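Topology and contacts: notes
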Amino acid sequence: MVDDVTISKTITTRSYQKPWMTANVQRRSAHAKKIHNHFQDSGDIRRMWQGIQAITNYKTTSPACDRDTSLPDVLNNFYARFEVQNNVVARKTIPPPTDQVLCLTTAEVRKTLCRVNPRKSAGPDNIPGRVLRECAEQLADVFTDIFNISLSGNVVLTCLKTTTIVPVPKKSTVSCLNDYRPVALTPIMMKCFERLVMRHIHPPWTPCSLRIVQTVPRTMPSPQPSIWPSPTWITRTRMHSTQSFLTLTLNTSLCNWILDFLTGRPQAVRIGNSISSTTTLSTGAPQGCVLSPLLFTLLTHDCAPTHSSNHIIKFADDTTVVGLISKNDKSAYREEVQRLTAWCGANNLSLNVDKTKEMVVDFSSITKKAQQRLYFLRRLRKAHLPPPILSMFYRGTIESILSSCITAWFGNCTVSDRKTLQRIVRTAEKIIGVSLPSIMDIYTTRCIRKAHSIVDDHTHPSHTYFTLLPSGKRFRSIRAVTTRLCNSFFPQAIRLLNTKN
């Protein structure tokens, strides 16, 4: 009777099949294993961020500019707007009979190809860096012949000078064309070529200053002004505030090669699947190239301070004016700023006023941003990641915010602000389950490390503040009248160095 009204079903179970391993549990287990695989290698930052995006269900949204098919041409004309005003014809110099042409060796080319970063985006030629790196042994001889023919003929192939611009919005809401940051993609093979040429132009990272003896035309305005290198004697500017000089000789053939490198460069803008028409440029230091910072520094060689109390620190196209104001006398500093403004106007350069701002440390924004990052730390903890991975994530995303420029502002912040910052550290300790360095320990370590770097660098503008006493063991303390000066970096750093000694 029971068999007539019930349905019997036979289930075969095996030793490796657990009854609680349902399809839902297996799916969750596979997802957890996939997440853990992203954090196996602590040095692979890319896979770690992919794991964080998978945990937080982060999904990228397609920007609105991808749907505008006319925007690439508009941006290409915007980026090339200074080319219309350039009516200077570039002419190469006839090399003398004794001129020696730069010749690269196969070993140099092979070594450069082996150092290519395989994760860098491919250029317009669509040749990935992984191919160049893995096939360096097979491609070294071919590339050596191509590079040497280019140097001997003072001609750079057009395909190697082609640039694809990928605009990236600087802001969440774009209001004008200048809100798009142009990211230039150039052939990776050409970047290797430029590194080899730059290595022969100057010894690597030698402290020196760039100076052009002969005349260099600067009549064309551009956002990144162009250089027509015709000089035979060039000295290079170090990208720090050093005053030592080293004279280097560039032969005429290499100058002609650089001239051809700067002129006749095809450029197109790509947004999604839309590509603009190609525009040929001969104005401006090309973006995305290895030689561009060096060439731009050649142009700005004569931008130097006139007063001994001021310093101009240059790094490529970024310039910082540092002035020492004594007895509330700002005349020398203001005169230096006015002179820099006049120099920029005379050299067809414009100051970006939007980026010229006073640095303000806002503790409310710092703590708010750090607390937002704690959410991701909790999600990683919920995914059962090991403490070393959690600690590394904390150092890279939370501690970096709390300790940004900490040597400049921590000494004069209030007790309440210090407790607020330390409270975030204690919260992170509870989430990770390990002990973390306190804010005070981070400040002390950073101060001592910065002080040691200043003491060891005799060219640093603040090196004179660290003066040894006759004993040679302790530094002379700075007399401070106000509490604010007493708690600032230099008195605190000297006090820490003396305590350590």
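In this text, all values refer to a predicted model and were calculated from it rather than measured experimentally.

Attention now goes to the environment of Ser-292. In this fold, Ser-292 is placed in helix α11 (residues 292–299). For Ser-292, a relative accessible area of 8% translates into the label buried. Sequence separation of Ser-292 and Leu-262 is 30 residues, and the distance between their C-alpha atoms is 9.3 Å. Beyond its immediate stretch of four places on either side in the chain, Ser-292 contacts Ala-285, Pro-286 and Gln-287.

Once that is clear, we can look at a nonpolar patch on the surface. A contiguous nonpolar surface patch, about 240 Å² in accessible area, is contributed by Leu-324, Tyr-465 and Ile-478. Looking at the secondary structure, you find Tyr-465 in the loop between α17 (439–456) and α18 (483–486).

Taking 1.5 Å of rise per residue, the 14 residues of helix α9 (residues 188–201) would be expected to cover 20 Å, and the 20 Å separating its terminal C-alpha atoms lies within 8% of that figure. Every buried residue of α9 is accounted for by Ile-188, Met-189, Met-190, Cys-192, Phe-193, Glu-194, Leu-196, Val-197 and Ile-201.

With that settled, consider the side chain of Asn-256. Among the structural elements, Asn-256 can be located in helix α10 (residues 252–262). Assessed through its relative accessible area of 3%, Asn-256 is described here as buried. Side-chain polar atoms of Asn-256 contact the backbone oxygen of Thr-93, separated by 2.6 Å. Contact partners of Asn-256, with chain neighbours within four places excluded, come to Lys-92, Thr-93, Pro-95 and Asn-154.

Let us now look at the environment of Arg-395. Within the fold, Arg-395 resides in helix α14 (residues 387–402). Residues Arg-395 and Leu-436, 41 residues apart in the sequence, show an inter-C-alpha distance of 9.5 Å.

With that out of the way, let us pick up the environment of Val-321. For Val-321, the location among the structural elements is in strand β10 (residues 318–323). As a C-alpha pair, Val-321 and Glu-336 span 15 residues in sequence and 8.1 Å in three-dimensional space. Apart from residues lying up to four places away in sequence, Val-321 is in contact with His-311, Ile-312, Tyr-333, Glu-336 and Leu-340.

Rules behind the numbers
- Residues numbered from 1 in each chain as written.
- Predicted model: local features only at pLDDT ≥ 70, side-chain atom pairs only at ≥ 80, totals over all residues.
- Heavy atoms only, no water.
- Helix = DSSP H or I, 4+ residues; strand = E, 2+ residues; numbered from the N terminus.
- Buried < 20%, exposed > 50% of the residue type's maximum accessible area, 1.4 Å probe, protein only.
- Contact = heavy atoms within 4.5 Å.
- Patch = residues over 30% accessible without salt bridge, like charges linked within 9 Å, V, L, I, M, F, W, Y side chains within 5 Å.
- Areas by Shrake-Rupley, 256 points an atom, 1.4 Å probe, with all protein chains shown as cover.
- Salt bridge = Lys/Arg side-chain N within 4 Å of Asp/Glu carboxyl O.
- Expected span 1.5 Å × (residues − 1).
- Polar contact = N/O pair within 3.5 Å; in protein donor to acceptor, adjacent residues only side chain to side chain.

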